[in-house]
Amino acid sequence: MRPRGGIEALPAALAADRDAAFPLLVRALIDGVYSGALRLLGNSADAEEVTQEAFLRAYRALGRYPAARVGELRLREWVWTIAANLCRNRARDRRRRGEETLDPEAALPDPAPGPEARALASAGSGALAAHLARLPWPQRAAVVLRHVTGLPHAEIAAALGRPVGTVKSDVHRGLQQLRRQLEEEEG
Amino acid sequence: MTGLPEHLADLRAAAPPHLLPGVLHRVGLADHYAIRPSILGPVFVAFTRRGVSRVDLAGDPAGFEAAYLARFGRAVVPADAPPPRLAATVDRALGAGRTRGIPVDPAGLSEFQAAVLRSAAGIPPGEIRPYAWVAREIGRPGSGRAVGNALAANPVPLVVPCHRVVRADGRFGRYSLGADESKRVLLAAEGLEIEALEALTSRGVRYLGSATTRIYCHPTCRHARRITASRRAEFRSPGEAARAGFRPCRDCRPATA
Ligand SMILES: [Zn+2]
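Criteria and cut-off values
- Residues numbered from 1 in each chain as written.
- Chains lettered and ligands numbered in written order.
- Predicted model: local features only at pLDDT ≥ 70, side-chain atom pairs only at ≥ 80, totals over all residues.
- Heavy atoms only, no water.
- Buried < 20%, exposed > 50% of the residue type's maximum accessible area, 1.4 Å probe, protein only.
- Helix = DSSP H or I, 4+ residues; strand = E, 2+ residues; numbered from the N terminus.
- Pairing = 2+ DSSP bridges.
- 1 Å grid on protein atoms, 1.4 Å probe; cavity = no way out; pocket = protein on both sides within 12 Å on 5 of 7 lines; lining within 4 Å.
- Points joined across faces, edges and corners; volume = space filled by probe spheres on them.
- Nonpolar A, V, L, I, M, F, W, Y, C, P; charged D, E, K, R; others polar.
- Axes fitted to C-alpha atoms, helices over the stretch in contact; angles between N-to-C directions.
- Parallel < 35°, antiparallel > 145°, perpendicular 65-115°, else oblique.
- Left-handed = near helix turned anticlockwise from the far one by under 90°.
- Contact = heavy atoms within 4.5 Å.
- Buried area = accessible area lost by both parts, 1.4 Å probe.
- Salt bridge = Lys/Arg side-chain N within 4 Å of Asp/Glu carboxyl O.
- Polar contact = N/O pair within 3.5 Å; in protein donor to acceptor, adjacent residues only side chain to side chain.

Draft legend 1. Summary view of the pairing of strand β2 (residues 43-47) of chain B. Residues and elements named next belong to chain B. Burial within β2 is extensive, with five of its five residues counted as buried. Across the two faces of β2 the burial is the same, with V43, V45 and F47 and F44 and A46 all buried. Examined bridge by bridge, strand β1 (residues 31-36) and β2 share five bridges and lie antiparallel to one another. For I35, the partnering residue across the bridge sits in β2 and is F44.

Draft legend 2. The arrangement of the layout of surface pockets in detail. Its volume calculated, the largest pocket comes out at about 810 Å³. What lines the largest pocket is a set of 29 residues, among which D31, F72, R74, D105 and A107 of chain B lie closest to the centre. Of all the secondary-structure elements, those providing two or more residues to the lining of the largest pocket are α2 (18-41) of chain A together with β1 and α3 (61-72) of chain B. The biggest single contributor to the lining of the largest pocket is α2 of chain A, with four residues. Of the residues belonging to the lining of the largest pocket, the class tally is 13 nonpolar, seven polar and nine charged.

Draft legend 3. Just the packing of helix α5 (residues 75-96) of chain A against helix α8 (residues 137-148) of chain A, in detail. Residues and elements named next belong to chain A. Axis separation between α5 and α8 bottoms out at 12 Å; the angle between their running directions is 140°. It follows from the interaxial angle that α5 and α8 lie oblique. The crossing of α5 and α8 is right-handed. Along its contact with α5, which presents W80, A84, C87, R88 and A91, the element α8 presents W137, R140 and L145. When its residues are assigned to classes, the contact of α5 with α8 shows six nonpolar, no polar and two charged.

Draft legend 4. Inspection of the interface of chain A and chain B at higher detail. At the junction of the two partners, chain A supplies 37 residues and chain B supplies 31 residues. Across the chain A to chain B interface the summed buried area is about 3300 Å²; carbon plus sulfur atoms make up 67%. Taken together, chain A and chain B are joined by one salt bridge. One salt bridge in this structure joins R26 of chain B and E53 of chain A, with 3.0 Å as the shortest N-O distance. Run the count over chain A and chain B and you get eight residue pairs in polar contact (both at pLDDT 80 or more). At the level of elements, α2, α3 (44-64), α6 (115-122), α7 (128-134), α8 and α10 (164-186) of chain A are the ones that each hand at least two residues to the side of chain A that touches chain B. With 12 residues, the top contributor of residues to the side of chain A that touches chain B is α2 of chain A. Taken together, the residues of the side of chain A that touches chain B sort by class into 21 nonpolar, six polar and 10 charged.

Pasting the structure below:
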């Protein structure tokens, strides 16, 4: 009936019975995909739509792929390949139309008390999410996938279609840029 | 400044609770449910492509959806009504106890439970059978207690009339939908004459026979109800009936022929 175990068991389960296993795939990945999309796009409405669309495309693709290919899929990076592409297109469309995309819900949740939190708070970190939105796309994508959704560099590289070394440097430079922005705000 | 990665990690958010059912609905994998009137008041009726999957007293929709997901591992989302091919039969079952011919989704049922429910589904409205009868009918004589448990866990009460299976001593036993008392309400609504039945069972009578046909029945069998008082024989056991020269009814099967 329902396969047990983590995401490792899912490719085989999806290859055997897509409709039975797909809900498990969604459950395993939906928080990560939504969180990433929320921080890449800056608002929950866009994040929800992209999340829905990404899983819909994944479901349809699973129906087209031969079982052998489904059984070999690295699911998280594969779903993120679809989701990152959707996020990039949507962010670009928004920018072209000159729309403001940040909403209050997307702002930093109440920070845990502590010196770091206070430093960030005094630097106006209620808008950490807003600072993310100011990063150029490759850095923003790399930082969000690495530090918000917690993907390893190799999976980010696969999802974004960029070399691992480039991803690492994008993460590094993205963090540097964020710190600079936060310091500027503080100063 | 340090701690930036930790603050970024704090930006991780749980998906809103409606998003997962929404995704599964978009791809066509969510089940649906509608609210329908029943003899016991409004109920939620959930259905899949294969049939009815769950019936429960209508309450908090979010609670029903969460319990459904936990029980079946599938999302369930509201619909205006059951699909047309189900709507009329479901409403007849809920409103009038006419339970024949409703497809039930057997996903999540053990083989034993599915057999128990199939057997219970064959009991006509207004008639009752003992737990032990179901056990024998499904080829598992002696499993009356397990039958009771399976019926108490019936996911689709009203649609599969588990309320028509009762204790051998005439008491009604547990019920899977709300209070045990609801069983009595349903059987009375289906025309069972509860007081007359209780008068028999309190005297230890378990079967009724016709001196004309020499056939004996469960007291609520439609054939038993037609026996004129003067031609009516009372038995406490199939053995007693057999010794008196009676044979079991082929419809209500009080004993294997
Ligand atoms: Zn009979």
